[in-house]
Amino acid sequence: MALEHAILVSLDERSGSGYELARRFDRSIGFFWAATHQQIYRTLKRMVELGWVSVDEVAQDGRPDKKVYDITPAGHEELRRWVAEPSEPETFRHDLSVKVRGASLGDAAVLADEVARHRDLHGERLDAYRAVEKKDFPDPSALSGRQLHQYLVLRGGVRAEQALVEWCDEVLAALRQDDSREDRR
């Protein structure tokens, strides 16, 4: 996915300044598609040139004018085209996986500490997703349209984080078991 499409989806939900978009990425979209503030501003400029977004300058007292971006009909058309385009399934590409695969080449205790750290971070993210789910989607059965789609993405995040927490737990248990076998030799 190109950053342009993540920005188009966000602007379709609500117009905003580059700063506001960056904050949305930090708080929600960024859970699934990361971008720096600099990347967002650079991409917005290119999207204006492509005609996918428009920009209105809003005067502010004592501060520079604020640029507010909105999706254009051409941007909606690009978004429709992209949504319909087939995509490749994601692959599981994770540095920690390669480290686990090479565990016999290093210190298993150090690796176990790293796996535990990852487990804690995924657990924190899982807790954050569940808090958003509880706050923003208290009755999933009543959802439709955009809210349903947002909920479904969040559920994908919940399930992915659950799987990673469980995998880290499995790796830790196996490393401990392997370590105890080594001690008996």
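Residues numbered from 1 in each chain as written. Predicted model: local features only at pLDDT ≥ 70, side-chain atom pairs only at ≥ 80, totals over all residues. Heavy atoms only, no water.

As annotated in an unreviewed UniProt entry, the chain carries the name DNA-binding PadR family transcriptional regulator and comes from Saccharothrix longispora.

A. Broad picture of the nonpolar core. If you look at the biggest cluster of nonpolar residues, it comprises 18 residues, and the most contacted ones within it are Ile7, Leu8, Leu11, Phe25, Ile40 and Leu44. Where this core is concerned, the elements lending two or more residues are helix 1 (3–13), helix 2 (18–27), helix 3 (37–50) and strand 3 (63–71). The next biggest cluster of nonpolar side chains, apart from the first, holds nine residues, and it includes Leu96, Ala112, Val115 and Leu175. (Core = buried A, V, L, I, M, F, W, Y, C linked by side-chain atoms within 4.5 Å. Buried < 20%, exposed > 50% of the residue type's maximum accessible area, 1.4 Å probe, protein only. Helix = DSSP H or I, 4+ residues; strand = E, 2+ residues; numbered from the N terminus.)

B. Representation of the sheet that holds strand 3. The three strands are arranged 1-3-2 in an open sheet whose pairing can be described as antiparallel. The open sheet terminates on both sides in strands that have one partner only, identified here as strand 1 (16–17) and strand 2 (53–60). One ladder, built from two bridges, connects strand 1 with strand 3; its direction is antiparallel. Residue pairing across strands places serine 17 opposite valine 68, the latter belonging to strand 3. In the packing of helix 1 onto the sheet, contacts are made with strand 1, strand 2 and strand 3, and the angle to strand 3 comes to roughly 95 degrees. Relative to strand 2, helix 3 is tilted by about 120 degrees, and along the sheet it contacts strand 2 and strand 3. (Pairing = 2+ DSSP bridges. Contact = heavy atoms within 4.5 Å. Axes fitted to C-alpha atoms, helices over the stretch in contact; angles between N-to-C directions.)

C. Structural context of the pattern of salt bridges. Applying the stated criterion across every chain, the model contains 11 salt bridges. Of the charged contacts, one joins arginine 81 and glutamate 78 as a salt bridge, the two residues approaching to 2.6 Å between their closest N and O atoms. Highlighted residues: arginine 81 and glutamate 78, both in helix 4 (residues 73–84), separated by three residues, approximately one helical turn. Classification of arginine 81 as partly exposed rests on a relative accessible area of 38%. (Salt bridge = Lys/Arg side-chain N within 4 Å of Asp/Glu carboxyl O.)

D. Broad picture of the pairing of strand 2. Here seven bridges tie strand 2 to strand 3, and the two strands are oriented antiparallel to one another. Paired with aspartate 56 across the two strands is valine 68, which belongs to strand 3. Linking two consecutive strands that pair antiparallel, namely strand 2 and strand 3, is a turn of two residues; a positive phi of about 70 degrees is found at glycine 62 within it.

E. The arrangement of helix 2 in detail. Those residues of helix 2 that sit buried are Gly18, Leu21, Ala22, Arg24 and Phe25. Seen end-on, helix 2 carries its buried residues on one side only, within an arc spanning 155 degrees. (Arc of directions from axis to C-beta.)

F. Just the packing of helix 1 against helix 2, in detail. For the pair helix 1 and helix 2, interaxial distance at closest approach is 11 Å and the crossing angle is 100 degrees. By the angle class used here, helix 1 and helix 2 are roughly perpendicular. Residues Leu3, Ala6, Ile7, Ser10 and Leu11 of helix 1 lie in contact with helix 2, whose contacting residues are Leu21, Arg24 and Phe25. Residue composition of the contact of helix 1 with helix 2, grouped by class: six nonpolar, one polar and one charged. (Parallel < 35°, antiparallel > 145°, perpendicular 65-115°, else oblique. Nonpolar A, V, L, I, M, F, W, Y, C, P; charged D, E, K, R; others polar.)

G. Spotlight on a negative patch on the surface. The grouping of Asp56, Glu57, Asp65 and Asp70 at the surface amounts to a negative patch. Elements that contribute at least two residues to the negative patch include exactly strand 2 and strand 3. (Patch = residues over 30% accessible without salt bridge, like charges linked within 9 Å, V, L, I, M, F, W, Y side chains within 5 Å. Areas by Shrake-Rupley, 256 points an atom, 1.4 Å probe, with all protein chains shown as cover. Lys, Arg positive; Asp, Glu negative; His and termini not counted. Charge placed at Lys NZ, Arg CZ, Asp CG, Glu CD.)

H. Spatial organisation of the side chain of serine 17. Structurally, serine 17 is set in strand 1. The exposure class assigned to serine 17 is buried, which follows from its relative accessible area of 8%. Those residues within four positions of serine 17 in sequence are excluded, and the remaining contacts are Lys66, Lys67, Val68 and Tyr69.

I. A nonpolar patch on the surface, seen in detail. The grouping of Phe31, Phe32 and Val153 at the surface amounts to a nonpolar patch, some 250 Å² of accessible area in total. Secondary-structure assignment places valine 153 in helix 7 (residues 145–184). Judged by its relative accessible area of 45%, valine 153 falls in the partly exposed class.

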